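Close look at the chain arrangement
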Amino acid sequence: QVQLVESGGGLVQPEGSLNLSCAASGSTFRIYAMGWYRQAPGRQRELVATINSGGSTTYADSVKGRFTISRDSAKNTVYLQMNSLKVEDTAVYYCNVDLFLLSAFRRGTYWGQGTQVTVSS
């Protein structure tokens, strides 16, 4: 019903940059909020950043000032610009979308398949 396609991960050196994107498609829906989470090996999945339909954003303390989340509502796409990357940012990054699915008349949360970000020299 809803597909989330992520792109933009890869290998980058410390202090480098990457830009992740996640596009939602499928059934007709209304998006409330979009966000990014990450999970490093041996650790729990954690919030990175979110953006709601009004454009308000939240960030994990560890990424404030380095990462910027944005969205293109017309394209149902969320972006995560990551600058000044650190080794500890290495993780699988997951897109998350909170939406109302009109065909089923219900609200739900959907996850992308994940994209690997590796920061290493």
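Each residue is numbered by its place in its chain's sequence as written, counting from 1. With pLDDT at 70 or above as the cut-off, local features in this predicted model cover only qualifying residues; side-chain atom pairs require 80 or more to be listed or tallied, and sums for whole chains, interfaces and linings still use all residues. Heavy atoms from the whole structure form the basis of all side-chain values; hydrogens and water molecules are not counted.

1. Focus on the sheet that holds strand 7 (residues 67-72)
Within the open sheet, the four strands sit side by side as 1-3-8-7. Their pairing is antiparallel. Both outer strands of the open sheet, strand 1 (2-7) and strand 7, are each paired with one neighbouring strand and no more. Each adjacent strand pair in this sheet contributes to an overall mean axis angle of 15 degrees, direction not counted. Here six bridges tie strand 3 (residues 18-26) to strand 8 (residues 77-82), and the two strands are oriented antiparallel to one another. Across the sheet, residue Leu 20 finds its bridge partner in strand 8, namely Leu 80. We treat two strands as partners when DSSP finds at least two bridges between them. A run of H or I in DSSP counts as a helix once it spans at least four residues, and a run of E counts as a strand once it spans at least two, with each numbered from the N terminus. Throughout, an axis means a line fitted to C-alpha atoms (over the contacting stretch in the case of helices), and angles, computed between N-to-C directions, take values from 0 to 180 degrees.

2. Focus on the pairing of strand 11 (residues 115-119)
The buried label applies to any residue whose accessible area, calculated with a 1.4 Å probe on protein chains only, is under 20% of its type's maximum; exposed applies above 50%, and partly exposed to all values in between. Of the two faces of strand 11, only the one carrying Thr 115, Val 117 and Val 119 is buried; Gln 116 and Thr 118 on the other face are not. When strand 2 (residues 10-12) meets strand 11, the two strands line up parallel, connected through three bridges. Considered in strand 11, the bridge of Leu 11 is made with Thr 118. Where strand 9 (residues 91-101) lies against strand 11, three bridges are found, and the strand directions are antiparallel. Looking across to strand 11, one finds that Tyr 93 is bridged to Thr 115.

3. Describing unusual backbone geometry
Residues other than glycine seldom take positive phi values, yet Asn 76 does so here, at roughly 50 degrees. Among the secondary structure elements, Asn 76 is positioned in the loop between strand 7 and strand 8. Even without being a glycine, Phe 105 presents a positive backbone phi close to 50 degrees. Position of Phe 105 relative to the elements: it lies in the loop between strand 9 and strand 10 (106-111). Judged by its relative accessible area of 66%, Phe 105 falls in the exposed class.

4. Quick word on the pairing of strand 3
In this sheet, strand 3 lies alongside strand 1 in antiparallel orientation, the contact comprising six bridges. Along strand 3, the bridge assignment pairs Gln 3 with Ser 25.

5. Remarks on the side chain of Asp 98
Residue position: Asp 98 is located in strand 9. By relative accessible area, which is 18% here, Asp 98 ends up buried.

6. A closer look at the packing of aromatic side chains
Stacked, tilted and edge-to-face are the three classes assigned to paired rings of Phe, Tyr and Trp, where Trp is represented by its six-membered ring and a pair needs centres within 6.5 Å; plane angles under 30 degrees give stacked, over 60 edge-to-face, the rest tilted. Applying the stated criterion across every chain, the model contains two aromatic pairs. Taken together, a centroid distance of 5.0 Å and an interplanar angle of 65 degrees make the contact between Tyr 37 and Trp 111 edge-to-face. With a gap of 74 residues between them, Tyr 37 in strand 4 (residues 29-39) and Trp 111 in strand 10 connect regions that are remote in the sequence. The partly exposed category is assigned to Tyr 37, whose relative accessible area is 22%. Arranged with centres 5.1 Å apart and planes meeting at 85 degrees, the rings of Phe 100 and Phe 105 form a pair that is edge-to-face. Given the relative accessible area of 17%, Phe 100 is considered buried. In this scheme, Lys NZ or Arg CZ marks a charge over a ring once it lies within 6 Å of the ring centre and within 35 degrees of the ring normal. In this structure, Arg 45 packs its charged tip against the face of Tyr 94, placed 3.7 Å from the ring centre. Seen from the ring of Trp 111, Arg 45 lies directly overhead, with NZ or CZ sitting 4.6 Å from the centre.

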